[in-house]
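Structure at a glance
The primary structure of each chain is shown beneath.
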Amino acid sequence: MTTSDATTTSGVAAGGAGAAWCDRCGEPAGVGEHLACRAARDLEPPRYCAHCRRRMKVQVLPVGWSAVCVAHGEIRG
């Protein structure tokens, strides 16, 4: 599965049935405000899958980034 809308532009996982984790710190998305995560995600790619909390393989390129979860596929930005 390849999706580019798994996260909001602020970086914290978008609401939905499967998006229960913060894609930067890996903690539960519904606990706390994740202000530091939102600020950091303006400049950084996601590090954790928002659906399963697995650490993702991230590649940063001059033209963008890609992050791959072994269970949920790739997202790009």
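Conventions and cut-offs
Residues numbered from 1 in each chain as written. Predicted model: local features only at pLDDT ≥ 70, side-chain atom pairs only at ≥ 80, totals over all residues. Heavy atoms only, no water. Phe/Tyr/Trp six-rings, centres within 6.5 Å; stacked < 30°, edge-to-face > 60°. Lys NZ or Arg CZ within 6 Å of the ring centre and 35° of its normal. Salt bridge = Lys/Arg side-chain N within 4 Å of Asp/Glu carboxyl O. Helix = DSSP H or I, 4+ residues; strand = E, 2+ residues; numbered from the N terminus. Core = buried A, V, L, I, M, F, W, Y, C linked by side-chain atoms within 4.5 Å. Buried < 20%, exposed > 50% of the residue type's maximum accessible area, 1.4 Å probe, protein only. Contact = heavy atoms within 4.5 Å. Pairing = 2+ DSSP bridges. Axes fitted to C-alpha atoms, helices over the stretch in contact; angles between N-to-C directions. pLDDT = per-residue confidence, 0-100.

**Some thoughts on the packing of aromatic side chains**
- All chains considered together, the criterion is met by zero aromatic pairs.
- The lysine or arginine in question, R55, covers the ring of Y48, its NZ or CZ lying 5.1 Å from the ring centre.

**Here we look at the pattern of salt bridges**
- In total, this model carries four salt bridges according to the counting rule given.
- Note that E44 is salt-bridged to R24, the shortest N-O span being 3.6 Å. You can see E44 sitting in the loop between helix 1 (35-41) and strand 1 (57-61) and its partner R24 sitting in the segment before helix 1, a full 20 residues away along the chain.
- In this structure, E74 and R76 form a salt bridge, with 3.3 Å as the shortest nitrogen-oxygen distance.

**As for the nonpolar core**
- By size, the foremost hydrophobic cluster in this structure holds six residues: C49, M56, W65, A67, C69 and I75.
- Once you skip the residues sitting within four places of it in the chain, C49 turns out to touch W21, R54, M56, C69 and H72.

**As for the sheet that holds strand 3 (residues 73-76)**
- In space, the three strands of this open sheet follow the order 1-2-3, with antiparallel pairing throughout. Of all strands in the sheet, those with a lone pairing partner are strand 1 and strand 3, marking the two edges. Here the strands of the sheet are splayed against their neighbours by 15° on average, with no regard to which way each runs.
- Note: strand 2 (residues 64-69) against strand 3, four bridges, orientation antiparallel. Within strand 3, the position partnered with A67 by the bridge is I75.

**Description of unusual backbone geometry**
- One non-glycine residue, H34, lies in positive phi territory at about 55°.
- Here H34 shows up in the segment before helix 1.
- The phi dihedral of R53 is positive, around 70°, even though this residue is not glycine.
- Note that R53 resides in the loop between helix 1 and strand 1.
- For R53, a relative accessible area of 36% gives the class partly exposed.

**So, the confidence of the model for the protein**
- Averaged over every residue, the pLDDT of the protein is 80; residues scoring 70 or more account for 77%.
- In this model residues 1-18 is a low-confidence stretch, pLDDT under 50, and it forms 34 contacts with partners more than four residues away in sequence or in other chains.

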